[in-house]
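# Residue-level structure breakdown
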Amino acid sequence: MADILLVEDDATLVLSLEMTLQAHGHHVIVCRRLAEARDILKGGLPDLLLLDLGLPDGDGLDLCQELRQQGAITPILMLTARGTLGARVDGLRAGADDYLPKPFDLPELMARVEALLRRRRWHQGGGDLHIGKLHVDLSQRRALSDEEAVHLTDLEWRLLTYLVERRGEVISRDELLRRVWQSSPESQTRTVDVFISRLRRWMEEDSAKPRYLISVRGVGYCLNQD
Ligand code: CA
């Protein structure tokens, strides 16, 4: 069971979403305006945010960006009638984890909700983890390398958290630029490589022969915890 905040102004859709989510055992809080959502979020973050874009008092994209700028890692699934490729890219760049154009089928929505919650559960369970000689506590934002405290910048934390959430998956430099740096892939992919080498210094015994944060030639990087 998860706490889900649903920000949506279409009453019919709210009703069917609320019923479906509750039937799957989730606790749902509904708000129809951004101002209301901001108030609720001040009191604590939900396990998942389902966010409409066209709302009576503004654009859901703004709320998504605000949360990411504040460092919130709550999964965000955007629900919107703006189904064009451009709109989808804007949503993902604003920090959404997934994007579902309306109209959608409820089983598809539920599959995506469960996938995002699985990832989150793993993330919560993995608050404390060892990757090579790096020991990180993600919830406390503390890191030790070879038993010595290391200071990670905000960007380094974002990169590490993203890699941890996607461990075992090959992630392209373009994706990292979009999701971690929130900039377009046209910007320097070299930047990514520089940050990757920094993380490697903290986790690898031999950065020249990485065992944990490995390069996948021509594609990107993959984090293996073992
Ligand atoms: Ca709407």
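Residue numbers here run from 1 along each chain, matching the order of that chain's written sequence. Selection of residues for local features in this predicted model requires a pLDDT of at least 70, selection of side-chain atom pairs for listing and counting requires 80 or more, and totals for whole chains, interfaces and linings are taken over all residues. Think of the side-chain values as coming from all heavy atoms in the structure, minus any hydrogens and water.

A few words now on the overall build of the protein chain. Strands are runs of DSSP state E lasting at least 2 residues, helices are runs of H or I lasting at least 4, and numbering of each runs from the N terminus. Along the protein chain, the regular secondary structure elements total eight helices and 14 strands. Its C-alpha atoms give the protein chain a radius of gyration of 19 Å, near enough to 17 Å, the size a compact globule of 226 residues would have. In terms of principal-axis extent, the alpha carbons of the protein chain reach across some 55 × 35 × 30 Å. Exposure classes here rest on a 1.4 Å probe applied to the protein chains alone. A residue is buried below 20% of its type maximum, exposed above 50%, and partly exposed in between. Looking at the protein chain as a whole, 46% of its 226 residues qualify as buried. In what follows, residue pairs with any heavy atoms lying within 4.5 Å of each other are defined as contacts. The long-range share in the protein chain, meaning contacts at least 24 apart out of those at least 6 apart in sequence, stands at 55%. Each accessible area is a Shrake-Rupley estimate made with a 1.4 Å probe; only the visible protein chains count as cover when residues are assessed. Just so you have it, the protein chain exposes about 11,400 Å², and 49% of that area is on carbon and sulfur atoms. Computation of the radius of gyration draws on C-alpha atoms alone. For the globule rule, the value is 2.2 Å times the number of residues to the power 0.38.

The disulfide criterion is simple: two cysteine sulfur atoms within 2.5 Å. Counted by the stated rule, this structure contains zero disulfides. Free cysteine C64: the closest other cysteine sulfur is in C31, separated by 15 Å.

For a metal with four tetrahedral donors the ideal donor-metal-donor angle is 109.5 degrees, while six octahedral donors give ideal angles of 90 or 180 degrees. Of the protein atoms, only D9 (OD), D52 (OD) and G54 (O) coordinate the calcium ion, at distances of 2.2 to 2.3 Å. Residue G54 is classed as partly exposed on the basis of its relative accessible area, which comes to 41%. Note: metal donors comprise N, O and S atoms at 2.8 Å or less from the metal (3.2 Å for Na, K and Ca); water molecules are not included, so apparent gaps in a site are possible.

A contiguous patch of negative charge on the surface is contributed by D146, E147, E148, E205 and D206. Of note, D206 is situated in the loop between α8 (189-203) and β13 (213-216). Like charges within 9 Å and nonpolar side chains (Val, Leu, Ile, Met, Phe, Trp, Tyr) within 5 Å are joined into patches, using only residues over 30% in relative accessible area that form no salt bridge. Here a salt bridge means any side-chain nitrogen of Lys or Arg lying within 4 Å of a carboxyl oxygen belonging to Asp or Glu. In this tally Asp and Glu are treated as negative and Lys and Arg as positive; neither His nor the chain ends contributes. Charged side chains are reduced to one point each, which is NZ for Lys, CZ for Arg, CG for Asp and CD for Glu.

Our focus in this paragraph is the domain arrangement of the protein chain. The domain boundaries assigned to the protein chain delineate domain 1 (3-124) and domain 2 (128-223). Note that the domain bounds reflect an automated or database-derived domain assignment. Taking only C-alpha atoms, the centre of domain 1 and the centre of domain 2 are 27 Å apart. If you look at the interface, domain 1 gives ten residues, while domain 2 gives twelve residues. Together, the buried faces of domain 1 and domain 2 total about 1,100 Å²; carbon and sulfur atoms form 49% of this surface. Here domain 1 is connected to domain 2 by one salt bridge. Taking the shortest distance from any N to any O, the salt bridge between R179 and D97 comes out at 3.6 Å. Think of a polar contact as two N or O atoms within 3.5 Å of one another; within protein, one of them needs to be a possible hydrogen donor and the other a possible acceptor, and neighboring residues in sequence only count if both atoms come from side chains. Inspection of the region where domain 1 meets domain 2 yields one residue pair in polar contact (both at pLDDT 80 or more). Accessible area that two parts lose when put together, evaluated with a 1.4 Å probe and summed over both, is termed the buried area.

Our next topic: the sheet that holds strand β3 (residues 48-52). Any two strands between which DSSP finds at least two bridges are classified as paired. Within the open sheet, the five strands sit side by side as β2-β1-β3-β6-β7. Their pairing is parallel. The sheet terminates laterally at β2 (27-31) and β7 (98-101), the two strands that pair on one side only. This sheet shows a mean twist of 20° between the axes of neighbouring strands, independent of strand direction. Of the pairings in the sheet, the one linking β3 to strand β6 (residues 76-80) comprises four bridges and is parallel in character. What sits directly across from D52, in β6, is L79. The axes used here are C-alpha line fits, helices contributing only the stretch in contact, and every angle between their N-to-C directions lies in the interval 0 to 180 degrees.

Strand order across the open sheet formed by three strands is β12-β14-β13, with antiparallel pairing between neighbours. Strand pairing shows two members of the sheet lacking a second neighbour, β12 (170-172) and β13, which therefore form its edges. Each neighbouring strand pair of the sheet contributes to a mean axis angle of 35°, computed without reference to strand direction. Two elements, β12 and strand β14 (residues 220-223), share three bridges in a ladder whose sense is antiparallel. Bridged to V170 within β14 is C222. Contacts between α8 and the sheet are confined to β13 and β14, with β13 contributing the most and set at about 145° to the helix.

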